[in-house]
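Survey of secondary and tertiary structure
Take a look at the letters that make up each chain.
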Amino acid sequence: MAVVLDLFVKRFVGKLSDVIEEEIGKVLGVKGELTRLHRKLSRISPYIQDAEKRRRTDPAINSWVKELKDIMYDAEDILDLCMAEGGRLLEAQPSASSGVCSRISLLSSCFRCKFRINIWNKIKKINDRLEEIKEDNNVIPRLVAHNHGGFQDNSVRTSSPTSSTHVVTDIVGTQIVDAAQKLISKIEHSKERCNVLGISGMGGIGKTTLAQKLFNDEMVKKQFPKRVWLHISKHYSEIEKLKEVLRGVGGNDDGVQSRAEVEGKIIPLLSQSLLLVLDDIWSASVWRDLLRNPILNGSCRTTILFTTRHEDVATEMRADFVHYVEKMHENNGWELIRKIVFEDGGDVIISELKEVGMEIVRKCDGLPLAVKVMAGVLFHKARTKSEWKKVIESELWFMKRIDDELSNALYLSYEDLPSHLKQCFLSCAFYHGESYREDIICLWVAEGFVVEQSDSLMEDIAESYYEELIARNLLQLKQGVSDHTRFIMHDVLRSFGRKLMEEEGIIMNDAQCTSTNSSTKIRRLSISNQGNVLSIPNVIIEQKCLRALHLVNCPQIKQIEDHVFESLKRLRVLDLCDTSIDILPDSLVKLFHLKYLGLDRTKIRKLPESIECLANLQILKLSDCKSLHELPKGITRLSNLRRLRMSNTPLTHVPKGVGKLKNLNYLAGFLIGHCDSMNRMGEGCDLDELQHLCNLRYLRIDKLERARTTRNRNTVLANKPFLWRLNLEWTLNNNENNEEEITEAERICDQLTPMIVKDLWINNFPGRQFPAWMVSTSVHDSLAYLMLRNFSSCIVLPPLGQLPNLKHLSIKGGEAIRSIGPEFLGCRTPAFPRLEYLEFNNMPNWEAWVLCVAHDEPNEDVHATNLNLFPNMEKCFLFHCPKLKHSILPPTRFLQIDFCPNLEYVEKVGMLQEFEVAFPSELKQLPQWVSSLVNATLNSLQKFTMLCDSLLLDSCSKGKQNWHIIKQIPKVSIYSIDGKTRLLLRKDSYKYEIKDDFGSFVALDQPASFHG
């Protein structure tokens, strides 16, 4: 992507200052030239921000900016060489007492002398080039020297951490609700086995939002047991889209490579009704030539819903119905801004700003996306008329558009960003489809987009950038992912970002460049859908300027020829993930500047021992490499490594010495010991290896059953103040654990006491008691997310209720748990003060959850105790607890109880709003506890959903045994397990329906009156 010059220069000047202050410049003999370089850049720097803003309308300024960027790229490469060679010289300097000089040291000295002269000449050339553009009388006199641009201070600053809670639903007014209901009605009344519906409209007008509204409708969910969402976009991999369908319908794509193999796996799984959404299609061929045959060869009823910007595509799809999205009404646009900017409250301020706010809405021309990003701008402004008027009066509204679909609101929202966020936004635009937070964060760090702070890790700062881009509506969280780990970017925003970066970055699809210019120096390249051998255009090879290479949707690529890296020595980012590469060329070690090497999910068999030559490497990704069994010892000499990811790779061991990598802050898949414990026990790592890794943010330890008590008792994790995620993993043992294994697991777990941790996962723990530090020490105050999985020997849960900041608790696979009592609550009042999500799953022997043991006072009001429990509970789930008979239930808004057939009694759950329950087919009668729970919560209960046997469903129909219970609930949906019947009750309608031969629901009866 195009580098943001303002950020680039400021970051470089800061790094240059450090080099000048240290001994590096002096030992290389270049301190004078480096000082001169610093002085020149400091004089040019104040003009850069104005130049970047005006370059789009002034060719002379644009040429000046491009020339300065070229100089800065070369200067950064030279400075990196200075830092590396200068560091080596300082380390190799002989002591004052040494008077011996060998022939080898003399030869080395001669080599270094040549190096110094070469470096000095290169820096001088940089200074001469800077002198030329500094004296450019056609540009500098017309630029304004300032640190404040337009109506927003765009100087480099550190974002305060923001929360994505500012991101609100896009659904305002009745337009989208009415449109969704129309489409749902078309689905319900269709008699076709394959029904094709479309949503058409210009980019950013709300097509995807409408499709999401339908996709997540509760009635649609029940009608279509299988739902698959495919984002298609302009360029896509056919095999990857088929694999997405396969995974979406419950299949596994491991090992399948050909289209025929994937189709063969899809067809047998298409036995239940399927909703397939094709979002943002640019051609009907994705349906006609790729997906149609496997879908129609299945035995299920199918609805295809597509969205497209192009009317001719809608015609080619031969849709049964197409909805054309209208522009957003002005009142709805203001309502969307109001919800994002003000959330709740502020009525007086809202009324004062409505007039100017409506004017901003009108400038967005009815495009919901433009309204959203403008709301993101306004959210960060003072809530005054004067500040909002500055937004209206910005000259960016009057810029000539470079694309008819790109609203000037996007330019304004982009220019409102500080420089570091501009750079991060452009970085996201370079990728397509769904991305992961951790992946983009480590790319930002590797590429130098993060403004350092002395008291924070760069990854933590980068995470705050991510949250702010979400809060500004420039990124969207992936639907259905509650922990904010995945995101997408709207295609219109991506198109906008790519327009801004096309002078430096190109995207190749099927060996074709989407855009290029022979005079453009390509710094970043994304390649997709190539064959067996990586092919890079000759013009890029000849330029020798490439800094980032990403292979996307290239599973066929198996080979990289040696000469490729010989010509790409400036590479800093090399992403080979998801290719079929099994060996790296020898020339890889010549990539001196490389900071990011991605090999996740490749077929790599071996890493070269010479990998230690990659002295600047910061990110190494090796997860899910199924053919990789050993790591080279040289990996322990990568002193700048910050992230090492090895999860789910079948390594025999991790080489000793990893603990010397002091910059590591992400370590996933750290294996204890060696798999050949009899013959090679001494080669693997023990827990003491972690002792000095003080910057760890994320740590996953595997094979803890191999661990032995450490020498430094309780200090392995005690010196890690940044640790927020800790995974402790034992290997699942299907046999009963012996006494020695149980005792040793408890002892090891006790020793892994963290200084602080926010997310804690403990999997396959063999012990009887969880460690005491979970509810004591500093962990007590920091723990927010806790997952306990498969603990077969533990009979009592720890007092988790006393954790003051715990928000998410998931407990699964507690085979030995029979009863949960007051010990679970602890001594805190209220217990679980901030818990929002609670899940119990697969507890095969759990029989009761009670608040108290037997007391002498039989009249004690147990329910009164409920009032002091779980005050912030939002969602509670009980899944697959076959022996559970008696349970308290937290006061919660949402309750789901699935397949707990022996449940006889539940206690009051407060102001319950949504209740879902599922029973096995053997249960034919509605349990008494369900009717009691419904009756107890009638004042608040709005929605009831049940999955059950068809006989139990029938007993709830009008006039039958359980009708008097369900008729009091505003919204009821009951479905039979076989999917053939359903009962739907609303305020003004009642439907009792059965599927006909075409897979459509038809009414069994139609009563004249409702709810009574």
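Above this note sits the structure.
Right, let's walk through the structure included here.

**Let's talk about the overall build of the protein chain**
In terms of regular secondary structure, the protein chain is built from 29 helices and 35 strands. A buried classification covers 56% of the 1012 residues belonging to the protein chain. Restricting the contact set of the protein chain to residue pairs at least 6 apart, pairs at least 24 apart contribute 64%. A total of about 42,500 Å² of accessible surface is found on the protein chain, and carbon and sulfur atoms cover 49% of it.

**Focus on the pattern of salt bridges**
Side-chain pairs of opposite charge can arise whenever the charged atoms involved come near each other. One pass over the full model with this rule turns up 64 salt bridges. We note a salt bridge from Asp-6 to Lys-10, for which the minimum N-O separation is 2.6 Å. Within this pair, Asp-6 and its partner Lys-10 are both found in helix H1 (residues 5-21), separated by four residues, close to a single helical turn. Given the relative accessible area of 2%, Asp-6 is considered buried. Measuring nitrogen to oxygen at the nearest pair gives 2.6 Å for the salt bridge that ties Glu-744 to Arg-747.

**Observations concerning the sheet that holds strand S7 (residues 476-477)**
With respect to topology, three strands assemble into an open sheet ordered S6-S8-S7, the strand pairing being antiparallel. Both edges of this open sheet fall to strand S6 (435-436) and S7, since each of them pairs with a single strand only. Here S7 pairs with strand S8 (residues 486-488) via two bridges, running antiparallel. Note on S8: the bridge partner recorded for Leu-477 is Phe-487.

**Observations regarding the environment of Ile-281**
Relative to the helices and strands, Ile-281 resides in the loop between strand S3 (274-279) and helix H11 (285-296). Judged by its relative accessible area of 0%, Ile-281 falls in the buried class. Along the sequence, Ile-281 and His-310 sit 29 residues apart, while their C-alpha atoms lie 8.7 Å from each other. With sequence-adjacent residues up to four places away left out, Ile-281 is seen in contact with Ile-232, Val-286, Phe-306, Thr-307, Thr-308, Val-313 and Met-317.

**Some words on the layout of surface pockets**
Here the second largest pocket is characterised by a volume of approximately 1,300 Å³. As for the second largest pocket, its lining consists of 45 residues, of which Lys-15, Met-83, Lys-595, Gln-618 and Asn-640 are closest to the centre. Elements represented by at least two residues in the lining of the second largest pocket include exactly H1, helix H4 (59-92) and helix H19 (437-446). Residues of the lining of the second largest pocket, tallied by class, amount to 16 nonpolar, 11 polar and 18 charged.

**Looking at the environment of Leu-671**
As for its placement among the helices and strands, Leu-671 is situated in strand S17 (residues 666-671). Taking the relative accessible area as the measure of exposure, Leu-671 reaches 6% and is therefore buried. For the pair Leu-671 and Met-646, spaced 25 residues apart in the sequence, the C-alpha separation amounts to 9.2 Å. Beyond its immediate chain neighbours, meaning those up to four positions away, Leu-671 contacts Leu-651, Thr-652, His-653, Val-654, Cys-685, Asp-702 and Lys-703.

**What about the sheet that holds strand S23 (residues 819-820)?**
Taken together, the four strands give an open sheet; going across it, the order is S23-S25-S27-S29, and neighbouring strands pair in parallel fashion. The sheet is open, and its two edges are formed by S23 and strand S29 (905-906), each paired on a single side. Bridge count between strand S25 (residues 848-849) and strand S27 (residues 886-887): two bridges; the pairing is parallel. Of the residues in S27, the one forming a bridge with Trp-849 is Ser-887.

So, how was this worked out
- Residues numbered from 1 in each chain as written.
- Predicted model: local features only at pLDDT ≥ 70, side-chain atom pairs only at ≥ 80, totals over all residues.
- Heavy atoms only, no water.
- Helix = DSSP H or I, 4+ residues; strand = E, 2+ residues; numbered from the N terminus.
- Buried < 20%, exposed > 50% of the residue type's maximum accessible area, 1.4 Å probe, protein only.
- Contact = heavy atoms within 4.5 Å.
- Areas by Shrake-Rupley, 256 points an atom, 1.4 Å probe, with all protein chains shown as cover.
- Salt bridge = Lys/Arg side-chain N within 4 Å of Asp/Glu carboxyl O.
- Pairing = 2+ DSSP bridges.
- 1 Å grid on protein atoms, 1.4 Å probe; cavity = no way out; pocket = protein on both sides within 12 Å on 5 of 7 lines; lining within 4 Å.
- Points joined across faces, edges and corners; volume = space filled by probe spheres on them.
- Nonpolar A, V, L, I, M, F, W, Y, C, P; charged D, E, K, R; others polar.

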